[in-house]
Amino acid sequence: EEVVGGEEEDEEEGDDIRRRTTRRVARRDDSDPDEYYVPRGHRKAQQSGQQVLCELKKGERVRTLDGAEMPFSNLGWRKIVPPLPLSQLYGPGFQTCAVVTSAGAMLHSGLGKEIDSHDAVLRFNTAPTKGYERDVGNKTTIRIINSQILANPKHQFNTSSLYKNVTLVAWDPAPYTLNLHKWYSNPDYNLFTPYMEHRMHFPAQPFYILHPKYIWQLWDVIQGNNLENIQPNPPSSGFIGTLLMMSLCEEVHVYEYIPSKRQTDLCHYHERYYDAACTLGAYHPLLYEKMLIQRMNVGPEDDLRQKGKVTLSGFKNVHC
Ligand code: C5P
C-alpha cells in the first residue's frame, strides 16, 4: 500500500477530492511496475484547467486502429475495421453527451431521466441499464469495453444484449513504446481474434479498437500535470471515455466519476462488491485522472455534491 495525500500536505487544488476520498491507494501486488515500459520522471508545472484542456486538444483526437499499420496491414485489417473512423462516424457530432461511470454511488441517484435526455450516452464494460433505469437511464450510444470483456467467456460477449445495437470501442494496454508487433503477439487479453470474428459476423455494427498511442498520450498528460509519480499503467476506461466524448460532443456531463455525497465503497452500482480502490485507483492512476478532470470542470459545485456531475466543454468549444 502507498499513502497518497494527507493532512500535513499543503492545501492545493485536488485536495478537495483527496479529502472526500480515502487516502490509501493499493497497488496491484502482482504487477510488474515496468510491465508496459513506461518512462518515469517527466514533470510540468501545475497548469490551469484551461491549459490542460489546450494540451489535450493539441493531441490526437480519438484514434482507432485503421488497419494501415503493420502488423495489421499485412493481416488485411483495412477491410476488417469499419469503413468510417470513429471520429467521423457521427458527422458533426453531438450537442450534449453523458458519461455514466459504473460507480456504486450511481445507486439511488435518480439521475436516469437526466442522463437519457442527452443526445448520446456512454457506458462502460458490463454496466447494465435493465433494472437500474431510475438511476442510470436506459439509453446507450457507445460502450467502451476493455479487452477482458472480449477474451473472457464469462462476459458472453457474443450473445449478451449489452453489446448489441451500440457502437463498441475496445481497448487493451499495449506497451508504452507502441510496438504494435509486440502488442499483437502478446496483448494483456487477446482481443484481436474475438474482434475479427465479431466484425465478420456483424459488419454493420460500428466496432473499433483504440490506438495505443491515444491511450498513452492521455497518460502523458496525466503524469505531466502531477508532481507525484502516477501508476505506470494506462488510464481507466472512465478517463479514456470522457476524453473521447469531449472529441465527439459540444458539452459533456460525467456522472459519479468525482464522487458525490453518495460516495460509497460499493465498487459498481450493479454488484455487491465493496472496495474503495474502485473509486480511488490501484492499477489505474484513477486519483490523478480525477484531479485533472476536476480541474477542467466548469459546472457548479452543487452539481458535484448532489449529482456527482462534472461539466466539460467539448474540444470544439475550447479556444486556445
Ligand atoms: O470498473 P469499470 O472500469 O468497468 O468502471 C468504468 C469506469 O467507471 C472506471 O474505469 C472508472 O473510471 C469509473 N469508476 C469510478 N468509481 C467506481 C467504479 C468505476 O470512478 N467506483
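Residues numbered from 1 in each chain as written. Predicted model: local features only at pLDDT ≥ 70, side-chain atom pairs only at ≥ 80, totals over all residues. Heavy atoms only, no water.

Enquirer: Go over the pattern of salt bridges with me, naming the residues and quoting the values.
Expert: Evaluated as defined, the whole model comprises six salt bridges. Arg-134 is the partner of Asp-135 in a salt bridge, and the nearest nitrogen-oxygen pair spans 3.8 Å. Take Asp-135: its relative accessible area is 9%, and that puts it in the buried class. Judged by its relative accessible area of 64%, Arg-134 falls in the exposed class. Note that Glu-256 is salt-bridged to Arg-262, the shortest N-O span being 2.8 Å. (Salt bridge = Lys/Arg side-chain N within 4 Å of Asp/Glu carboxyl O. Buried < 20%, exposed > 50% of the residue type's maximum accessible area, 1.4 Å probe, protein only.)

Enquirer: Break down the environment of Cys-97 for me, with residues and values.
Expert: Mapping Cys-97 onto the fold places it in strand E3 (residues 94-100). Residues Cys-97 and Val-252, 155 residues apart in the sequence, show an inter-C-alpha distance of 4.8 Å. Other than its neighbours up to four places away in sequence, Cys-97 contacts His-118, Ala-120, Met-245, Cys-249, Glu-251, Val-252 and His-253. (Helix = DSSP H or I, 4+ residues; strand = E, 2+ residues; numbered from the N terminus. Contact = heavy atoms within 4.5 Å.)

Enquirer: Describe the site of the ligand, and please don't skip the residues or the numbers.
Expert: The ligand sits among 15 residues. The nearest are Asn-125, Ser-236, Cys-267, His-268 and Lys-290. Between the ligand and Asn-125 there is a distance of 2.8 Å, counted from an oxygen atom to a side-chain nitrogen or oxygen. Take Cys-278: an N or O atom from its main chain is 3.3 Å from a nitrogen atom of the ligand. Coverage of the ligand by the protein amounts to 89% of the 440 Å² it exposes when considered alone. At the level of secondary structure, the elements contributing two or more residues to the shell around the ligand comprise helix H10 (237-248), helix H11 (277-280) and helix H12 (286-296). Taken together, the residues of the shell around the ligand sort by class into six nonpolar, eight polar and one charged. (Near = heavy atom within 4 Å. Polar contact = N/O pair within 3.5 Å; in protein donor to acceptor, adjacent residues only side chain to side chain. Areas by Shrake-Rupley, 256 points an atom, 1.4 Å probe, with all protein chains shown as cover. Nonpolar A, V, L, I, M, F, W, Y, C, P; charged D, E, K, R; others polar.)

Enquirer: Give me the lowdown on unusual backbone geometry, citing residues and values where you can.
Expert: The residue after Met-70, namely Pro-71, is reached through a cis peptide bond having omega 0°. Note on placement: Pro-71 falls in the loop between helix H2 (49-58) and helix H3 (86-89). Of note, Asn-125 is a non-glycine position whose phi angle comes to about 45°, a positive value.

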